[in-house]
There are 2 protein chains.
Amino acid sequence: MGRAIIAGAGALPGLLLAAGPAHVVRLEGVASAPLDAPDIPARFEHLGRLFADLRAGDLRDLVFAGALSRPALDPGQLDAETAALMPRLVQAMGQGDDALLREIAAIFEAQGFRILGALDLRPDLAADAGPICGAPDAAQEADAARARAVLDALGPLDVGQAAVAAKGQMIGIETLQGTDTMLRFVGATRPGSGGVLVKRPKPGQDLRMDTPAIGPDTVMKAAEAGLSGIEIAAGTVLILDRAATEAACDASGMALWAAP
Amino acid sequence: MGRAIIAGAGALPGLLLAAGPAHVVRLEGVASAPLDAPDIPARFEHLGRLFADLRAGDLRDLVFAGALSRPALDPGQLDAETAALMPRLVQAMGQGDDALLREIAAIFEAQGFRILGALDLRPDLAADAGPICGAPDAAQEADAARARAVLDALGPLDVGQAAVAAKGQMIGIETLQGTDTMLRFVGATRPGSGGVLVKRPKPGQDLRMDTPAIGPDTVMKAAEAGLSGIEIAAGTVLILDRAATEAACDASGMALWAAP
């Protein structure tokens with residue numbers, strides 16, 4: 001019985017392949033890096049075909065690597081299985097990312113597949129609580145606590161995996177557009193400088209389907225937004241390239257730490 | 001016993017002057033429109049002087065017209081009264097807009113002044129519950145309910161007087177930068193089009209010091225952000241120029257309504 005990685009963009013599919021052999025499902029329209037593993041080409045519209053291909057290869061363990069973007073579906077291309085699933089998917093799409101991902105997981109599970117999370121394969125990619133680069137000062141701790149309180153309040157509404165506070169004020173709250181877009185907004189519109197990005201999963205988020213992640217790119221974008229610190233949740237946020245992330249923190253003077 | 005309007009930018013000082021004679025306090029560095037009323041020049045750093053000027057004119061009723069921006073203070077210019085108040089002001093500044101405005105109100109009240117709100121003078125500027133331009137359809141009602149739920153969750157944290165939902169997804173949550181900046185972000189980063197801006201005071205917000213307001217400019221910015229509807233809170237959000245606001249809604253096909 002084998003494993004398949006549903007590959008999104010970025011470094012995560014390669015990092016998961018390092019945990020053991022797997023096929024790589026490449027969805028049309030999703031840019032994913034070349035990897036030394038057998039490919040399974042697929043389309044969102046042809047889920048019936050994907051189920052059959054995975055069964056033919058005896059690939060029962062699935063890992064979604066990188067959050068699925070919301071694809072533009074071509075209704076004329078839907079196979080019968082996908083068409084039958086559309087009412088469930090469309091309804092879930094109106095209820096937030098978590099609802100959609102939970103529905104996708106349920107659909108694959110109902111087909112007999114097992115969903116693994118990135119952290120099941122690579123628990124070493126998460127951080128223990130404590131400093132990673134430098135350590136937060138009192139003002140950074142206070143900003144992190146303010147951003148955490150906002151994320152805690154929004155979590156039950158399936159909104160917000162990240163937020164930015166500076167000098168006690170909220171200057172960015174993640175919406176559908178994602179963390180990078182929020183950081184560009186913060187950099188372009190904020191008064192002053194300093195402040196802390198907090199990134200953590202929403203309470204109740206299905207970490208198998210969407211594991212929050214940071215990497216050197218996040219550190220550079222936070223620095224460009226004028227921030228001085230990043231707090232991630234211990235044990236549940238992936239650091240995609242720890243050496244390069246720490247080097248980016250050193251280069252930009254960014255403090256990075258994990259909190260329970 | 002007379003009245004003074006602490007003038008911010010925009011149309012509100014003029015609208016409040018229409019409610020009865022008043023002096024107009026013009027703070028250095030705050031752009032305010034010329035009005036047919038006696039001016040009192042003032043500086044944030046010279047609160048002692050402002051208290052004395054107001055008392056000399058027997059002006060005991062104060063109206064803050066337009067939210068105070070967070071000014072850059074020149075510490076070398078502080079008079080003795082202002083210097084003595086700085087610890088309270090600095091502490092409040094770290095706790096959100098509401099905390100700062102409550103502190104400013106308390107400072108003026110402790111000096112014997114009475115703070116009136118824009119709605120005390122011009123209750124006619126708020127809207128009764130119901131349609132103002134067009135009426136929301138079911139999808140717009142659902143988006144408004146989603147944005148309201150987010151604002152309700154954030155209100156106790158003194159964050160968010162406005163939020164935008166489209167197709168059930170949050171695509172904008174107001175932070176320190178304000179509603180207009182959020183609308184620009186939404187327009188520049190959102191997928192698709194449609195969606196609803198909800199604007200309402202935070203629970204517990206001191207409406208005397210900061211009354212949420214919309215106007216024709218808000219409608220145009222919402223239209224530029226691709227939105228199809230605006231919901232304001234009945235009775236507590238000012239419509240600054242109702243005729244021009246309705247004309248802007250008609251011109252852009254924007255629905256506008258007030259909800260309890």
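Use the structure listed above.
Summarised in this report is the structure supplied together with it. (Residues numbered from 1 in each chain as written. Chains lettered and ligands numbered in written order. Predicted model: local features only at pLDDT ≥ 70, side-chain atom pairs only at ≥ 80, totals over all residues. Heavy atoms only, no water.)

**Looking at the sheet that holds strand β5 (residues 114-116) of chain A**
All names here are of chain A.
- Within the open sheet, the five strands sit side by side as β3-β2-β1-β4-β5. Their pairing is parallel. In the strand order of this sheet, the two ends are held by β3 (39-42) and β5, each with one partner. Averaged over all neighbouring strand pairs, the angle between strand axes comes to 30°, with direction disregarded.
- Summarising the sheet, strand β2 (residues 23-27) and β3 pair through four bridges and their orientation is parallel. Paired with R26 across the strands is P41, a residue of β3.
- Its contacts with the sheet put helix α2 (residues 47-56) on β1 (2-7), β2, β3 and β4 (59-65), and the angle it makes with β3 is roughly 165°. (Pairing = 2+ DSSP bridges. Helix = DSSP H or I, 4+ residues; strand = E, 2+ residues; numbered from the N terminus. Axes fitted to C-alpha atoms, helices over the stretch in contact; angles between N-to-C directions. Contact = heavy atoms within 4.5 Å.)

**Brief notes about the pairing of strand β1 (residues 2-7) of chain B**
Residues and elements named next belong to chain B.
- In terms of strand pairing, β1 meets strand β4 (residues 59-65) through six bridges, oriented parallel. Within β4, the position partnered with A7 by the bridge is A65.
- Relative to strand β2 (residues 23-27), β1 runs parallel, the two sharing four bridges. Opposite I6, over in β2, you have V25 as the bridge partner.
- Taken together, β1, helix α1 (residues 12-17) and β2 constitute a β-α-β crossover, and its handedness is right-handed. (Right-handed = clockwise from strand over helix to strand, strands pointing away.)

**Digging into the interface of chain A and chain B**
- On the side of chain B, 29 residues touch chain A, which itself brings 29 residues to the contact.
- When the two sides are added together, the surface that chain A and chain B hide from each other amounts to roughly 2200 Å², 65% of it contributed by carbon and sulfur.
- Where chain A touches chain B, the interface holds zero salt bridges.
- At the boundary of chain A and chain B, one finds nine residue pairs in polar contact (both at pLDDT 80 or more).
- Looking at the side of chain A that touches chain B, the elements with two or more residues in it are α6 (138-154), β8 (169-173) and α7 (179-189) of chain A.
- The residue inventory of the side of chain A that touches chain B, partitioned by class, reads 13 nonpolar, 10 polar and six charged. (Buried area = accessible area lost by both parts, 1.4 Å probe. Salt bridge = Lys/Arg side-chain N within 4 Å of Asp/Glu carboxyl O. Polar contact = N/O pair within 3.5 Å; in protein donor to acceptor, adjacent residues only side chain to side chain. Nonpolar A, V, L, I, M, F, W, Y, C, P; charged D, E, K, R; others polar.)

**Notes on helix α9 (residues 242-252) of chain B**
Residue and element names in this part refer to chain B.
- Buried residues of α9: T245, A248 and C249, and no others. Angular distribution of buried residues about the axis of α9 spans 100°; they occupy a single face of the element. The exposed residues of α9 that point more than 90 degrees off its buried face are A243, D250 and A251.
- Within two residues after α9, G253 carries a phi angle of roughly 70°, on the positive side. (Buried < 20%, exposed > 50% of the residue type's maximum accessible area, 1.4 Å probe, protein only. Arc of directions from axis to C-beta.)

**Overview of the environment of G20 of chain B**
Residue and element names in this part refer to chain B.
- Among the structural elements, G20 can be located in the loop between α1 and β2.
- Residue G20 is classed as buried on the basis of its relative accessible area of 17%.
- For G20 and E141, which are 121 residues apart along the polypeptide, the C-alpha to C-alpha distance reads 39 Å.

**Observations concerning the relation of the copies chain A and chain B**
- Once chain A is rotated about the relating axis by 180° and shifted along it by 0.0 Å, it coincides with chain B to within an RMSD of 0.0 Å. The superposition of one copy onto the other is thereby described by a two-fold rotation axis. No C-alpha of chain A approaches the rotation axis more nearly than that of A153 of chain A, which lies at 2.8 Å.
- Looking at chain A, 100% of its interface residues are interface residues in chain B too, so the copies touch through the same face. (Least-squares fit on C-alpha atoms with pLDDT ≥ 70 in both.)

**Quick look at the packing of aromatic side chains**
All names here are of chain A.
- Taken as a whole, this structure holds nine aromatic pairs over all chains when the rule is applied.
- Ring centres of F51 and F108 lie 5.3 Å apart, and the angle between their planes is 85°; on these two criteria the pair is classed as edge-to-face. In this pair, F51 sits in helix α2 while F108 sits in helix α4 (residues 97-110), placing the two residues 57 residues apart along the sequence.
- Accessibility expressed as a relative area gives 2% for F51, which makes it buried.
- The buried category is assigned to F108, whose relative accessible area is 4%. (Phe/Tyr/Trp six-rings, centres within 6.5 Å; stacked < 30°, edge-to-face > 60°.)

**What about the sheet that holds strand β7 (residues 162-166) of chain A?**
All names here are of chain A.
- Spatially, the six strands line up as an open sheet ordered β6-β13-β11-β9-β7-β8, and their pairing is mixed. Looking along the sheet, the strands with just one partner apiece sit at the ends: β6 (130-133) and β8. Going from strand to strand, the sheet's axes swing by 25° on average, the running direction of each strand aside.
- Relative to strand β13 (residues 255-259), β6 runs antiparallel, the two sharing three bridges. Following the sheet pairing, G130 is matched in β13 by A258.
- Across the face of the sheet, helix α9 (residues 242-252) comes into contact with β6 and β13 while running at roughly 80° to β6.

**Description of the packing of helix α2 (residues 47-56) of chain B against helix α3 (residues 80-93) of chain B**
Residue and element names in this part refer to chain B.
- Following both chains from N to C, one finds α2 and α3 inclined at 120°, their axes separated by 5 Å at the closest point. Between α2 and α3, the angle is such that the two are oblique. Each of L47, G48 and F51 in α2 lies in contact with α3, whose residues at this interface are E81, T82 and L85.
- Looking at the contact of α2 with α3, its residues break down into three nonpolar, two polar and one charged. (Parallel < 35°, antiparallel > 145°, perpendicular 65-115°, else oblique.)

**Thoughts on the environment of M93 of chain B**
- With respect to the secondary-structure elements, M93 of chain B resides in helix α3.
- Measuring from C-alpha to C-alpha, the distance between M93 of chain B and E81 of chain B comes to 18 Å, with 12 residues separating the pair along the chain.

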